[in-house]
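These are the residues of each chain, in order.
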Amino acid sequence: NQSSVVEFILLGFSNFPELQEQLFGVFLIVYLMTLMGNAIIILIISLEQSLRVPMYLFLQNLSVVDVSFSAVIMPEMLVVLSTEKTSISFVSCFAQMYFLLLFGGTECFLLGAMAYDRFAAICHPLSYPMIMNKRVFMKLVMFSWVSGIMVATVQTTWVFSFPFCGSNEINHLFCETPPVLELACADTFLFEIYAFTGTILIVMVPFVLILLSYIRILFAILKMPSATGRQKAFSTCASHLTSVTLFYGTANMTYIQPKSGYSPETKKVMSLSYSLLTPLLNPLIYSLRNSEMKRALMKLWQRKVDSH
């Protein structure tokens, strides 16, 4: 079964040509802010010795994933928005889907590992150094990356093993699994079962573990004697859960039913929620609101000023 399609056409928001110019400007600003915010975090944690602890090393990994995730999607998305129709080769579409799934899958497991780290630190502070030692940290990070690679390899190879012999127009902003799968000239029932099962394991299981971790954390917070401490901890947890829910919720709705009844425009908006907003919000929610990160940033800035 040789595929007769050698390239795809990404339609983007071609149904709304009057919006494309404004969307291009907004997405470009978001992309630059995402790169800058995550680059600052990676740099600070790399240069500041006091931040070389599991909590911040997890954040550094998350920032690397978010920068990579944005770099896979945003440049192509900006090209799509700047033209009426954009062609993308078969190989480029395969590569974009592969890295999208790799970094998306890795982020799912990393967020779960980070929630476990916070649970151990808040609920078991005395035994935390033993629970989250360097060996455990490395295992969790390696597991997250290896899982992302496995998910991407299996799913992308399977999707592109289907023949594509009809329309080559992808009604989307980038090569995501559901819209590409709609163009396949074959029965995709088995793949849809795999996609449903895979989404439950990759998205829902870490999400449930995160919720359980935060429930335990909230009970620990309620026992705090200081009202100020409780308020600060509640604020941090609420911010983290907002980011997690945004990422997991929209990813779950997109992938749990590849041929679901959502309209193409709704699917595009849902995809933008986790591909655009999550990498932008994570630096603000997880790091730049953190007092230790602020102190480290000011220290590095002061060193730069003094050196000049």
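Residues numbered from 1 in each chain as written. Predicted model: local features only at pLDDT ≥ 70, side-chain atom pairs only at ≥ 80, totals over all residues. Heavy atoms only, no water.

**So, the overall build of the protein chain**
- Along its length, the protein chain carries 10 helices and three strands.
- Each helix (α) and strand (β) of the protein chain, taken in turn from the N terminus, gives the series β-α-α-β-α-α-α-β-α-α-α-α-α.
- In summary, the protein chain has a C-alpha radius of gyration of 21 Å against a globular reference of 19 Å for 308 residues, a match within 12%.
- Taken along the three principal axes of its C-alpha coordinates, the protein chain extends 65 × 50 × 35 Å.
- A burial count over the protein chain gives 48% of its 308 residues as buried.
- Within the protein chain, counting contacts between residues at least 6 apart in sequence, those at least 24 apart form 79% of the total.
- Total accessible area computed for the protein chain in this model is approximately 15100 Å², and 69% of it derives from carbon and sulfur atoms. (Helix = DSSP H or I, 4+ residues; strand = E, 2+ residues; numbered from the N terminus. Rg over C-alpha atoms; globule rule 2.2 N^0.38 Å. Buried < 20%, exposed > 50% of the residue type's maximum accessible area, 1.4 Å probe, protein only. Contact = heavy atoms within 4.5 Å. Areas by Shrake-Rupley, 256 points an atom, 1.4 Å probe, with all protein chains shown as cover.)

**Here we look at the state of the cysteines**
- Under the definition given, this model contains two disulfides.
- Paired through a disulfide, Cys93 and Cys175 show a sulfur-sulfur distance of 2.0 Å. Measuring the twist about the S-S bond at about -115°, one finds the Cys93-Cys175 disulfide to be left-handed. Of this pair, Cys93 sits in helix H3 (residues 90-123) while Cys175 sits in the loop between strand S3 (169-170) and helix H6 (177-181); the two residues are 82 residues apart in sequence, bridging distant segments of the chain. Each member of the pair, Cys93 as well as Cys175, is classed as buried.
- Here Cys165 pairs with Cys185 through a disulfide, and the sulfurs are 2.3 Å apart. Handedness here is read from the sign of the S-S torsion; for Cys165 and Cys185, about -135°, the answer is left-handed. (Disulfide = S-S within 2.5 Å.)

**Regarding a nonpolar patch on the surface**
- On the surface, Phe196, Ile200, Leu201, Val205, Val208, Leu209, Leu211, Leu212, Ile215, Phe219, Leu222 and Phe234 cluster together to form a nonpolar patch covering roughly 1100 Å² of accessible area.
- At 11 residues, the largest contribution of residues to the nonpolar patch is made by helix H7 (residues 189-222).
- With respect to the element layout, Leu201 can be found in helix H7.
- On the basis of relative accessible area, Leu201 is assigned to the exposed category, the value being 52%. (Patch = residues over 30% accessible without salt bridge, like charges linked within 9 Å, V, L, I, M, F, W, Y side chains within 5 Å. Salt bridge = Lys/Arg side-chain N within 4 Å of Asp/Glu carboxyl O.)

**Section: the confidence of the model for the protein chain**
- Per-residue pLDDT for the protein chain has a mean of 84; in total, 93% of the residues score no lower than 70.
- Least confident of the elements in the protein chain is helix H8 (residues 227-255), whose mean pLDDT is 74; most confident is helix H5 (residues 134-159), at 94. (pLDDT = per-residue confidence, 0-100.)

**Remarks on the side chain of Thr156**
- As for its placement among the helices and strands, Thr156 is situated in helix H5.
- If near-sequence neighbours (up to four positions away) are discounted, Thr156 is found in contact with Phe94, Met97, Tyr98 and Leu101.

**Structural notes on the environment of Val6**
- Position of Val6 among the secondary structure elements: in the segment before strand S1 (7-10).
- Sequence spacing of Val6 and Ile88 is 82 residues, and the spatial spacing of their C-alpha atoms is 9.1 Å.
- Discounting residues that sit within four places of it in the chain, Val6 has contacts with Ser89 and Phe90.

**Some thoughts on the packing of aromatic side chains**
- Taken as a whole and judged by the stated rule, the model has 20 aromatic pairs.
- Ring plane angle 70° and centroid distance 4.9 Å describe the contact between Phe58 and Phe137, whose orientation is recorded as edge-to-face. With Phe58 in helix H2 (residues 54-82) and Phe137 in helix H5, the pair connects residues that are 79 residues apart, well separated along the chain.
- Residue classification places Phe137 among the buried positions, given a relative accessible area of 7%. (Phe/Tyr/Trp six-rings, centres within 6.5 Å; stacked < 30°, edge-to-face > 60°.)

**Quick look at the packing of helix H1 (residues 17-47) against H2**
- Put simply, H1 and H2 touch, their axes get as near as 9 Å, and they point 160° apart. The pairing of H1 with H2 is recorded here as roughly antiparallel in orientation. Here H1 and H2 pass one another in a crossing that is left-handed.
- Broken down by class, the residue content of the contact of H1 with H2 amounts to 21 nonpolar, eight polar and one charged. (Axes fitted to C-alpha atoms, helices over the stretch in contact; angles between N-to-C directions. Parallel < 35°, antiparallel > 145°, perpendicular 65-115°, else oblique. Left-handed = near helix turned anticlockwise from the far one by under 90°. Nonpolar A, V, L, I, M, F, W, Y, C, P; charged D, E, K, R; others polar.)

**What about helix H10 (residues 291-307)?**
- Between its first and last C-alpha atoms H10 spans 24 Å; for 17 residues at 1.5 Å apiece the expected length is 24 Å, and the two agree.
- Those residues of H10 lying buried are Met293, Ala296 and Leu300. On an axial view of H10, the arc spanned by its buried residues comes to 65°, and they lie on one face. Residues of H10 that are exposed and point over 90 degrees away from its buried face: Arg295, Met298, Trp301 and Asp306. (Expected span 1.5 Å × (residues − 1). Arc of directions from axis to C-beta.)

**Quick look at the UniProt feature "transmembrane region" (unreviewed entry) in the protein chain**
- UniProt feature "transmembrane region" (unreviewed entry): in the numbering of this structure it lies at residues 23-45, 57-75, 95-116, 136-154, 193-221, 233-251 and 271-288.
- From the first C-alpha to the last, residues 23-45 spans 33 Å; its make-up is 100% helix and 0% strand. (UniProt positions renumbered as here; feature names shortened; annotations may be inferred.)

**So, the nonpolar core**
- Counting residues in hydrophobic clusters, the biggest one holds 88 residues, and the most contacted among them are Phe8, Met77, Leu111, Phe160, Phe164, Val180 and Tyr248.
- Each residue touching Tyr248, except ones within four places of it in the same chain, is listed here: Glu107, Cys108, Phe109, Leu111, Gly112, Val203, Pro206, Phe207 and Ile210. (Core = buried A, V, L, I, M, F, W, Y, C linked by side-chain atoms within 4.5 Å.)

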